[in-house]
Amino acid sequence: MGPARRNWAGNVRYAARRYHRPATVDELRRLVAGAERVRAVGTGHSFNRLGDTTGDLVSLAGLPATFQLDRDRCTVTVPAATRYGDLAARLHAQGYALANLASLPHISVAGAVATGTHGSGETIGSLASAVAGLELVTADGDLLTVDRASDGDPFAGMVVSLGALGVVTRVTLDVVPAFDIRQHVRLDLSRADLDAAFASAYSVSVFTDWRAPRLREVWVKQRAEAAPLPADWLGTTAADAPRHPVLGMPPQNCTPQLGVPGPWHERLPHFRLGFTPSSGEELQSEYHVPRAVAAEALAALDAVADLIAPVLKVCELRAVAADRLWLSPHYDRDSLAIHFTWVADAAAVLPVVAAVEERLAPFAPRPHWSKVFGLAPSAVAASHPRYADFLGLLRRLDSAGKFRTDLLDRYFPR
């Protein structure tokens, strides 16, 4: 592999013996067919060992940079390694958009989709919910193409796949007409008004530090044609200058605020492509609970707020619409996503993660697959109704365990 390679956060040193960057799909197929263990790596924006392997680690960034917009079907097909920020700019130039984006545009399409990554919006699904088709290289080197229309229920098991079913080479996504967004930051929200805040705009994110009962900031992303927020919106006040979610970080890293309208891809993410997202040095955890029990789940975390606050950079609350993807954190239930950005100190953070998980246990939390979590395998299995179906799909498409990792073996034992 040459020099040591790490994930984005630097907390995982990849154990792979060899690193590859194939230039064609045929080259990739030969590599996968001849490998004993292999994993694809995208932008490395995972905080656990889901993407690690002791065998061959493959970057797909060298595959041809194709872009196929189908105006009749309202889809776009792109290489797996495409970053959302790059895709969004090309789509917007053609008059199209994605329905939603994550908080940072730096992540690859295939990696975000495979782990159930999401933005915010109570009527909008995760990024994976926009997937209409996949092309992947399976364990024997075959090229398999599947789509939502033809492959039905099994397709729903292959979208959020954790990279366990093959190496995805291309992804087809639903697109919509381009639109403009205005982004406002409001201060000091009562927790009792959380649901009203989520319902107030196209996409809403709420930030707290667990040091006070009220919620510190609300990032409200309105469609440009919507009526402006009233001055006394939900008892909050308007920020008089741009903000960064992490205190002390430069607001220039963030997308434009103060209600200035702009293209969807320059407002839906919190952070700007080309600038450091979030704080850069951190760990992250995220848990998804049913929206119906959001208030109870947050109240349960109040009991460990004194543990959370000292190791927390910021906590973000987001609403995500239900989908039908088997391993999605949002399968069959509208969700509250509780996201923790921790300090970059695993020894200090891991005991707090355990305490958070203990408090959330009564609410069937589903972890974000690429963040730091320690939930028992039995709890993870119980919280995913299609767990057994995915396990069967995994055994059928990768019976030899070519795409497996230690984390997959823990949560999906053979």
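Residues numbered from 1 in each chain as written. Predicted model: local features only at pLDDT ≥ 70, side-chain atom pairs only at ≥ 80, totals over all residues. Heavy atoms only, no water.

(A) Structural detail: the overall build of the protein chain. When its secondary structure is counted, the protein chain shows eleven helices and 19 strands. The C-alpha atoms of the protein chain give 20 Å as radius of gyration, which agrees with the globular expectation for 414 residues (22 Å, within 12%). For the C-alpha atoms alone, the extent of the protein chain along its principal axes is close to 60 × 50 × 40 Å. Residue burial in the protein chain is summarised as follows: out of 414 residues, 58% are buried. Looking at the protein chain alone, contacts between residues at least 24 apart form 72% of all its contacts between residues at least 6 apart. Taken as a whole, the protein chain presents about 15900 Å² of accessible surface, with 53% of it coming from carbon and sulfur. Both charge centroids of the protein chain, one from 43 positive and one from 43 negative side chains, sit 4 Å from each other. (Helix = DSSP H or I, 4+ residues; strand = E, 2+ residues; numbered from the N terminus. Rg over C-alpha atoms; globule rule 2.2 N^0.38 Å. Buried < 20%, exposed > 50% of the residue type's maximum accessible area, 1.4 Å probe, protein only. Contact = heavy atoms within 4.5 Å. Areas by Shrake-Rupley, 256 points an atom, 1.4 Å probe, with all protein chains shown as cover. Lys, Arg positive; Asp, Glu negative; His and termini not counted. Charge placed at Lys NZ, Arg CZ, Asp CG, Glu CD.)

(B) Representation of the environment of Val109 in the model. Turning to its location among the elements, Val109 is positioned in helix α3 (residues 109-114). Along the primary structure Val109 and Val78 are separated by 31 residues, whereas in three dimensions their C-alpha atoms are 8.5 Å apart.

(C) Geometry of the sheet that holds strand β1 (residues 18-20). One open sheet accounts for three strands, arranged β1-β3-β2; its pairing is parallel. Edge positions in the sheet fall to β1 and β2 (38-41), since each of these pairs with one other strand and no more. Taken pair by pair, the neighbouring strands of this sheet meet at an average axis angle of 25°, ignoring direction. In this sheet, strand β3 (residues 56-59) lies alongside β2 in parallel orientation, the contact comprising four bridges. Of the residues in β3, the one forming a bridge with Ala40 is Val58. (Pairing = 2+ DSSP bridges. Axes fitted to C-alpha atoms, helices over the stretch in contact; angles between N-to-C directions.)

(D) Up close: helix α1 (residues 25-34). Looking only at α1, the buried set comprises Leu28, Leu31 and Val32. For α1, the buried positions fall inside an angular range of 95° around the axis, keeping them on one side. Facing away from the buried side of α1 by more than 90 degrees, the exposed set consists of Arg30 and Gly34. Those residues of α1 that are buried are in contact with β1, β2, β3, β7 (131-137) and β9 (167-174). (Arc of directions from axis to C-beta.)

(E) Representation of the pairing of strand β17 (residues 312-320) within the structure. Counting buried positions along β17 gives eight out of nine residues, so the element sits mostly inside the fold. Of the pairings in the sheet, the one linking strand β12 (residues 203-208) to β17 comprises four bridges and is antiparallel in character. Residue pairing in the sheet places Ser205 in a bridge with Arg318 of β17. Pairing analysis gives eight bridges linking β17 to strand β18 (residues 335-342), with the strands arranged antiparallel. The partner of Leu312 across the bridge, within β18, is Trp342.

(F) Quick peek at the side chain of Arg386. If you trace the backbone, Arg386 turns up in the loop between α9 (377-383) and α10 (387-397). The class of Arg386 is buried, set by a relative accessible area of 14%. A distance of 2.6 Å separates a polar atom in the side chain of Arg386 from a polar atom in the side chain of Asp153. (Polar contact = N/O pair within 3.5 Å; in protein donor to acceptor, adjacent residues only side chain to side chain.)

(G) The arrangement of the packing of helix α6 (residues 294-302) against helix α8 (residues 346-360) in detail. Contact geometry of α6 with α8 gives a least axis separation of 9 Å together with a crossing angle of 135°. Taken together, the axes of α6 and α8 are oblique relative to one another. Considering how the two elements wind past one another, α6 and α8 form a crossing that is right-handed. Between α6, through Ala297, Ala300 and Leu301, and α8, the contact on the second element is made entirely by Val356, Arg359 and Leu360. Its residues assigned to classes, the contact of α6 with α8 comprises five nonpolar, no polar and one charged. (Parallel < 35°, antiparallel > 145°, perpendicular 65-115°, else oblique. Left-handed = near helix turned anticlockwise from the far one by under 90°. Nonpolar A, V, L, I, M, F, W, Y, C, P; charged D, E, K, R; others polar.)

(H) Structural context of the packing of aromatic side chains. Using the criterion set out here, one finds ten aromatic pairs in the structure. Between Trp369 and Phe373 the ring centres are 6.4 Å apart and the planes differ by 80°, which places this aromatic pair in the edge-to-face class. Per residue, the accessibility class of Trp369 equals that of Phe373, and both read buried. Residues Tyr387 and Phe412 carry aromatic rings whose centres are separated by 5.1 Å and whose planes lie at 15° to one another, so their mutual orientation is stacked. One end of the pair, Tyr387, is in helix α10; the other, Phe412, is in the segment after α11 (406-411), with 25 residues separating them in the sequence. For the pair Tyr387 and Phe412, a shared accessibility class is recorded, and that class is buried. Joined through ring pairs, the aromatic side chains of Trp369, Phe373, Tyr387, Phe390, Tyr411 and Phe412 make up one cluster. When the ring centre of Tyr19 is taken as origin, the NZ or CZ atom of Arg5, which lies over that ring, is 3.9 Å away. Against the face of Tyr202 rests Arg223, its NZ or CZ located 5.7 Å from the ring centre. (Phe/Tyr/Trp six-rings, centres within 6.5 Å; stacked < 30°, edge-to-face > 60°. Lys NZ or Arg CZ within 6 Å of the ring centre and 35° of its normal.)

(I) Expanded view of unusual backbone geometry. Of note, Leu258 is a non-glycine position whose phi angle comes to about 60°, a positive value. Inspection of the secondary structure puts Leu258 in the loop between β14 (237-238) and β15 (262-263). For Asp332, which is not glycine, the phi dihedral falls at a positive 60°.

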